[in-house]
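Fold and contact review
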There are 2 protein chains.
Amino acid sequence: MSKYVYAFSEGNASMRSLLGGKGANLAEMTGLGLPVPSGFTITTEACNRYYADGKQVAPEIMEEALNALKALEERVGKQFGSVENPLLVSVRSGAAVSMPGMMDTILNLGLNDETVKGLAAATGNPRFAYDSYRRFIQMFSNVVMEMDSSLFEKALEAVKEKAGVKLDSQLSAENLEELLKDYKAIFKANKGIDFPQDPKEQLIGAINAVFRSWDNPRAHFYRLMNDIPSSLGTAVNVQSMVFGNMGDDCGTGVAFTRSPSTGENALFGEFLMNAQGEDVVAGIRTPKPIAQLKEDMPHCFDALWDIANKLEAHYKDMQDLEFTIEKGKLYMLQTRNGKRTAAAALRIAVEMVEEGSITKEDALLMVDPKQLDSVLHPTFEPNALKEANPIATGLPASPGAACGRAYFDPEKAAEAAARGEKVILVRVETSPEDIQGMNIAEGIMTARGGMTSHAAVVARGMGRCCVAGCNDIFIDEENAYFRTTEDRIIREGDYISLDGNMGRVYMGQLPTIPANVSGNFAIIMGWADEVRRLGIRTNADTPRDAKQALEFGAEGIGLCRTEHMFFDEDRIMAVRRMIVSTTERQRKAALEELLPMQRQDFYELYMAMEGRPVTIRLLDPPLHEFLPKEQEEVEFLAGQIGITVDHLNEVIRSLQEVNPMMGHRGCRLAVTFPEIARMQTTAIINAALDAMKDGGFTIEPQIMVPLVGDVKELEFVKGIIDETANRIMEERGESLTYEVGTMIELPRAALTADEIATQAKFFSFGTNDLSQMTFGFSRDDSGKFLPDYYTFKIFENDPFAKVDQKGVGKLIKMAVELGRSTNPHMHMGICGEHGGEPSSVEFCHNVGLDYVSCSPFRIPIAKLAAAQAKVKSDRAK
Amino acid sequence: MSKYVYAFSEGNASMRSLLGGKGANLAEMTGLGLPVPSGFTITTEACNRYYADGKQVAPEIMEEALNALKALEERVGKQFGSVENPLLVSVRSGAAVSMPGMMDTILNLGLNDETVKGLAAATGNPRFAYDSYRRFIQMFSNVVMEMDSSLFEKALEAVKEKAGVKLDSQLSAENLEELLKDYKAIFKANKGIDFPQDPKEQLIGAINAVFRSWDNPRAHFYRLMNDIPSSLGTAVNVQSMVFGNMGDDCGTGVAFTRSPSTGENALFGEFLMNAQGEDVVAGIRTPKPIAQLKEDMPHCFDALWDIANKLEAHYKDMQDLEFTIEKGKLYMLQTRNGKRTAAAALRIAVEMVEEGSITKEDALLMVDPKQLDSVLHPTFEPNALKEANPIATGLPASPGAACGRAYFDPEKAAEAAARGEKVILVRVETSPEDIQGMNIAEGIMTARGGMTSHAAVVARGMGRCCVAGCNDIFIDEENAYFRTTEDRIIREGDYISLDGNMGRVYMGQLPTIPANVSGNFAIIMGWADEVRRLGIRTNADTPRDAKQALEFGAEGIGLCRTEHMFFDEDRIMAVRRMIVSTTERQRKAALEELLPMQRQDFYELYMAMEGRPVTIRLLDPPLHEFLPKEQEEVEFLAGQIGITVDHLNEVIRSLQEVNPMMGHRGCRLAVTFPEIARMQTTAIINAALDAMKDGGFTIEPQIMVPLVGDVKELEFVKGIIDETANRIMEERGESLTYEVGTMIELPRAALTADEIATQAKFFSFGTNDLSQMTFGFSRDDSGKFLPDYYTFKIFENDPFAKVDQKGVGKLIKMAVELGRSTNPHMHMGICGEHGGEPSSVEFCHNVGLDYVSCSPFRIPIAKLAAAQAKVKSDRAK
């Protein structure tokens, strides 16, 4: 039979998933001999049972809990419901990860009309006893019985008014006795029963309430936002009460072993004398800084200081402590690794290594890679932010802070930027044609689209701040303004500020703090570089991206999407002419025009990368993406090519596809139009030969064939590449080594990777498409149903943000193994959006990839995640 | 080192894939001691080497061939190039499967200006010798040197004119000597070299020509049409010549051991005295029936009769023989299993079992499942067909023969059918809205679309004859006519005839022969039923389909696509109202309207199937498929619902998807609109309870959830189904057992089938979607590039016709194993288009599925294929 209840003395810190974070740490502190009030924990498995059993606590679990209660009574020498010596307990929720939104705490459970008298007698403080009972009734009614708290607040106010006092603490024991009657009457009127007098009944209700709170909407939403699986469950901690509000030799407080905002090594925190925990949080009385405790109760401060040092050394991390002082004696109620800013995280990690208390590996594990975003991008000054009111909110689609003048048209934005203006591009939604405008903007704001919309993906790739999906505003692109819900109008040229970390939009210019990538950040990055096994490359389509990535320490380009170069204003016309060609000759002529441009692009990339690996992907998207959408553009193009508008419209129609994602794209283009692959190969090989000569370094171009599903497709395209490359080398009388590889982005490619590997020098996992095909839904369309999937807990994570290890990951693993089985020396990497997401990077490490490739601003995150993966896997050995 | 050349005496019939069919059978006959002229075979592996080595025969292979030649010379006592006793050989191609389009035969190789004299002396027949040489030059020049045959024909005509004769055979030896000079001059003028005199050089040229012919366009096309992999390669047979044209005691002929058109058990065939093989084919002289040989050369007939019986008994199948008589002695040149009509195939198989010469299992293997189509559908009278000229040609999209009046509008077609007219529906292409019209039509003809277009797929499903993709005609639907390339106009009401087996369209009414599914067909089906392990179900959406399927022996319905019921004229409006509802209340009201109709549908299905399993799939396609496309329909709908046209257009726009195939469909609809699943479950359960009561049989509804990718989706929808079903049973106070299962049609479903199996009672593999997602291309869009894929031999087969065993099949296998690992008792089947395709059925048998489900007219094919799979797998044990 499973054990569902553990006394604190039975557990330890390693049982976090079973006992929750709070319970495991209370047990650990108990084991360390620290002064922890006695108690027990009902496990997270009991929570899962609760839901499996249709939201009820199974009788055997309740029996176990009541047995644990009996043992607790014996341990502390008090009894539940005893008038002489009543046991009072707190009931707290506690999941394996800290999570707001769940039921927090019920204090003083065990009080009833009788025990309250015992408490009064035992403490000699009837006022304290009645006040405790009153608080308990209010908390229990609200949290367990789901009554509205304001009912009780009104009664409290009425009594205060009647008594002519302003503060709760000014009420006399008699006032409180009267108030208790009111409270109980309110309860009965509302619930039709008397307030439960049986402490066991109170406890059963509280345990149920904790389990129930695991799934309330706020907790659910928080889990969704923070990628916490619902299956974790919460534990329930039942602990005997200690009182910080019994008199002036009592108090309560919180402390950090180091500063959570700067990382400074000193005890930080605050405390209140004669108070219970909730008073510190409530903010009615102003708490004192912790240093004051040294003067007020020196022996307590010394004990706390001693415990703080012991716990930090024990947990090897900065601790966030809760304590209560009852009649001059210090009790520890909680310890946990403290939350901290990114700057503090970096400083604490570095200094603890310098102090010799942790290893570099420990330090690397101590920094959350996701937090690095705030160090890598500018942020608004916190004080300025406090005073500003957002005029619109959207999704935090790409981090950073940006101010500039609003422009609603990419071309006008580009002109303004050319004049030296700082520009924010405001669009209903963006499309590939807007890329130039996005590139010159400080930030991007859209009315439509989610976290994986075009605007969001491209902005993250560029490291540009972006607030996407501001649904509430109305954007009129034609007349160049937008209107907020408060009917404010922002016109072209008006200054606005975007907060990409929070998804907020402000009027005017807010002052920013620049990114800081030196100091502790640089030290941690250095350690990550020493430790990690995975290589880190970048997805970069322009020399500018490449340079940015090099600054962050990219070791190569894992993905250059050549089509992004096609949207430039000066070449889109040639691209369009190529696409609408009806003969091979026409197409070749257009390609001839594009050739020198592509060659120059690649040359600059090679020069920027100075011999580091550069993987260039051949043209991938369906051709109609490049076609004009507006009728006037169609007319212009028709005139340029010299065909009728009707004819051109016919060509455009014939290029439309029912499911473009599953249509004529990727290597299928190279099969039907080999001349495109030939042009691109020509550009790549010539550019590489030129750059080798000019730069004096060796270049081995890596040419990547997209969307391969069968080895013969790769064989065919490789044939075109080889023939073209050989011809150029022969013509120039020069030579180089190049590699032809492929994306693994179709399920069939993964399933037949052993065959494909015979023709490929490398694999690059395109996890965006691979996820789409494996799940059978497209990113563009899944917005219609994924919200319901989250609501109903069908999905816990967005598969386009985190690699779905169960399904997509299985294919990747299979492909790695199959590929190496026939071609042991091939190198493998990942170049989807997932390449910069920590859990996905860890997965890549574990399945044995050689590198991850991500957008430039994600490189530090990927590096740290790669180092953490290495440390974790080494430690798991 | 590989052996590339085998003497006939070294091989046998089992070496078919290495020696080709012809070579293996020549070797087998040699082994049986039959009179076969000596020779050797160059293997199919040598052919593959030829292509691997860049279209040249490797020196070591050529050396091996020349060694075999030397051995042949010794064996027959003649020498290549000898004047006294010249060895002459034939060179023939021969793949493992018989294949027109490849180089057929070069006879008399070894003749040159010298050996021709030796041949004249040896035979005492200079005219014969010169004629042989002339024929050789012509054949060699054409086949090996790729010269135009007409050059030689002209010279031949000139000589005949000059000699004043009409027939080749009237030319004298002198005439022929002169002609030889002309021939050699033509050769030299054309090729710039003398006609090769070295027999070895001739042989090398001929071997190269055979290998080259493997890949000529006709052979390539034939392979494509017949699913023959290019990797098979062809062998080359080199055989010493025997002459049927040396005099009146010589002859040549072909014979079948039974009638290839009716199957009658007697020697069939024909022969010509004093002739070479090509003369029989050429049709200049009329061959005599084989019975005549008994009178002309009784000992030869007896020998042939004897050999024929021996070979049929040996091969246990009807044989197609080629023989030559040289100076009164019979030589066998070829034996192979004879091609036959479906009727003959059935009769031969049945009679050979009755004769005791083969087992039932042998008989089952003897009938090609694909041939059954012609027995199952009406065909045109062969004589009428001979005289008719097609006015248009297209793809043979669905078999059968049909005549009727052309209608261009589905509604008008339905009206005409209601008047009792026979109707052919003619459309540019069909869409789901045309289903009613297709259903009442005798046949369907379209201008656009391939073998997997909507028209083709639906027509095959209905067993309706269809000619699709008649690209050359111009259809004007609005004005109700079509124009052929010869400017013939066919107007509404004109009679046309469709040949769905050949893809041809004729004017007027051609007489048809009805399908015949009794007699031998029924016997073979009975044996198939005894033998097969796989169950056979049908895909049926209407009671009519179900009844048709039962006639063919369906054992249940494997797939009822409920959406097909939604297109009926009397319900599409309710469906549309359901879709454009903006509130749950509106949607429920529309669903309430649909409920009784669905309930009636299901009731009729259950009654028709009399307790056999019926698998009903919940609504699957994206909702916008049901929406009106024409503006007037939109206006009508808007009026009906009482919203503005603009509003309705907005709703329609909002339902459009970028990639509908990967969009909001399948179980995703049930997640976002649980009320749809609730309505369908209500209809299913109520109908089943009613039918159980009325029919007196037990029904266990199988409810199938489509497009599941994660177990939690299934869990969610199953929750809705269970809750609804339980409520109904409770309300009615009746009960039944039902099963909830899922389609496996997404790669992720296959990859996580172990999890999904915990919630599913059955799996049904939806190989259409599974193939689309695994390959990452949609059926609708792949037409743009698949033709090039076939041309470049990247694909050998259409993955939507045959299960791709390497990729998709791997997923299926994985899903079967994973599913059974957690739920050993679940049943599994397939319900994609592949369920009626023989190689796919065999695959299903081999991976251990329980049944296949296919359209009604494919059931006999599936049955036979299933029986064959069982026999083959038993024999492989």
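Residues numbered from 1 in each chain as written. Chains lettered and ligands numbered in written order. Predicted model: local features only at pLDDT ≥ 70, side-chain atom pairs only at ≥ 80, totals over all residues. Heavy atoms only, no water.

**Comments concerning the nonpolar core**
By size, the foremost hydrophobic cluster in this structure holds 303 residues, and its most contacted members are Tyr606, Phe763 and Phe765 of chain A together with Tyr606, Phe763 and Phe765 of chain B. Apart from residues no more than four positions distant in its own chain, phenylalanine 763 of chain A is found in contact with Thr742, Ile744, Ala753, Ile756, Ala757, Ala815, Gly819, Met826, His827, Met828 and Gly829 of chain A. Tyr50, Leu72, Phe195 and Val210 of chain A belong to the second-largest nonpolar core, a separate cluster that totals 70 residues. (Core = buried A, V, L, I, M, F, W, Y, C linked by side-chain atoms within 4.5 Å. Buried < 20%, exposed > 50% of the residue type's maximum accessible area, 1.4 Å probe, protein only. Contact = heavy atoms within 4.5 Å.)

**Regarding unusual backbone geometry**
If a residue is not glycine, its phi is most likely negative; likewise, a peptide bond is most likely trans. Unusually for a residue other than glycine, lysine 55 of chain A sits at a positive phi of about 60°. Within the secondary structure, lysine 55 of chain A sits in the loop between α2 (44-52) and α3 (59-76). In this structure, asparagine 274 of chain B is a non-glycine residue whose phi angle is positive, near 50°. Residue position: asparagine 274 of chain B is located in the loop between β7 (268-273) and α10 (277-282). (Helix = DSSP H or I, 4+ residues; strand = E, 2+ residues; numbered from the N terminus.)

**So, the interface of chain A and chain B**
Contact with chain A, which involves 50 residues of that partner, is made by 50 residues of chain B. With both sides pooled, the region where chain A packs onto chain B buries about 4600 Å², and carbon together with sulfur makes up 59% of that total. Interface area lost by chain A to chain B is led by Met662, Arg748 and Lys784 of chain A, which between them contribute 15%. Connecting chain A to chain B are six salt bridges. The tally of links between chain A and chain B comes to 28 residue pairs in polar contact (both at pLDDT 80 or more). A breakdown of the residues in the side of chain A that touches chain B according to their chemical character gives 22 nonpolar, twelve polar and 16 charged. (Buried area = accessible area lost by both parts, 1.4 Å probe. Salt bridge = Lys/Arg side-chain N within 4 Å of Asp/Glu carboxyl O. Polar contact = N/O pair within 3.5 Å; in protein donor to acceptor, adjacent residues only side chain to side chain. Nonpolar A, V, L, I, M, F, W, Y, C, P; charged D, E, K, R; others polar.)

**Comments concerning the environment of leucine 333 of chain A**
Residues and elements named next belong to chain A. Following the sequence through the fold, leucine 333 ends up in strand β10 (residues 329-337). The spatial distance from the C-alpha of leucine 333 to the C-alpha of methionine 241 is 9.9 Å, given a sequence separation of 92 residues. In contact with leucine 333, other than residues within four places in its own chain, are Leu26, Met29, Pro37, Arg92, Gln239, Val242, Glu322, Phe323 and Thr324.

**Observations regarding the pattern of salt bridges**
All names here are of chain B. According to the stated counting rule, one finds 122 salt bridges over all chains in the structure shown. Between lysine 184 and aspartate 113 there is a salt bridge, with its nearest N and O atoms 2.7 Å apart. Taken together, the residues span a long stretch of sequence, with lysine 184 in helix α7 (residues 173-191) and aspartate 113 in the loop between β4 (105-109) and α4 (115-123) at a distance of 71 residues. Classification of lysine 184 by relative accessible area gives partly exposed; the value is 24%. A relative accessible area of 25% means that aspartate 113 is categorised as partly exposed. For arginine 875, the salt bridge identified is with aspartate 362, shortest N-O distance 2.8 Å. Of this pair, arginine 875 sits in helix α35 (residues 859-876) while aspartate 362 sits in helix α14 (residues 360-366); the two residues are 513 residues apart in sequence, bridging distant segments of the chain. Salt bridges sharing partners connect three or more residues here, namely Asp131, Arg134, Arg135, Glu157, Lys160 and Asp168.

**Section: the relation of the copies chain A and chain B**
To go from the first copy of the chain to the second, apply a rotation about an axis and then a shift along the same axis. When chain A is brought onto chain B, the operation consists of a screw motion whose angular component is 180° and whose axial shift is 0.0 Å, with 0.2 Å RMSD remaining. This pairing of chains is accounted for by a two-fold axis. Every residue of chain A has its C-alpha some distance from the rotation axis, and the shortest such distance is that of asparagine 659 of chain A, at 2.1 Å. Of the interface residues in chain A, 100% have counterparts in chain B that sit at the interface too, so the contact is made through matching surfaces. (Least-squares fit on C-alpha atoms with pLDDT ≥ 70 in both.)

**Comments concerning helix α4 (residues 115-123) of chain A**
Residue and element names in this part refer to chain A. Turning to α4, its buried residues number three or more, namely Thr115, Val116, Gly118, Leu119, Ala120 and Thr123. Of the surrounding secondary structure, the elements contacted by the buried residues of α4 are α5 (126-143). Directly beyond the C-terminal end of α4, a positive phi value near 65° is found at glycine 124.

**Looking at the pairing of strand β6 (residues 251-256) of chain A**
Residue and element names in this part refer to chain A. Extensive coverage of β6 is indicated by the burial of five of its six residues. Bridge count between β6 and strand β9 (residues 319-326): six bridges; the pairing is antiparallel. Paired with valine 254 across the strands is glutamate 322, a residue of β9. (Pairing = 2+ DSSP bridges.)

**A word on the confidence of the model for chain A**
A residue-level look at chain A finds 99% of positions with pLDDT of 70 or above and a mean pLDDT of 91. Interface confidence in the predicted complex, given as ipTM, is 0.81; pTM for the same model is 0.82. (pLDDT = per-residue confidence, 0-100.)

**Observations concerning the sheet that holds strand β20 (residues 489-491) of chain B**
All names here are of chain B. Overall, antiparallel pairing links the three strands, which are arranged β18-β19-β20 in an open sheet. One side of each edge strand has no neighbouring strand; the edge strands of this open sheet are β18 (474-476) and β20. For this sheet, the mean inter-axis angle between neighbouring strands, taken without regard to orientation, is 15°. Relative to strand β19 (residues 481-483), β18 runs antiparallel, the two being bridged by three bridges. Paired with aspartate 476 across the strands is tyrosine 481, a residue of β19. (Axes fitted to C-alpha atoms, helices over the stretch in contact; angles between N-to-C directions.)

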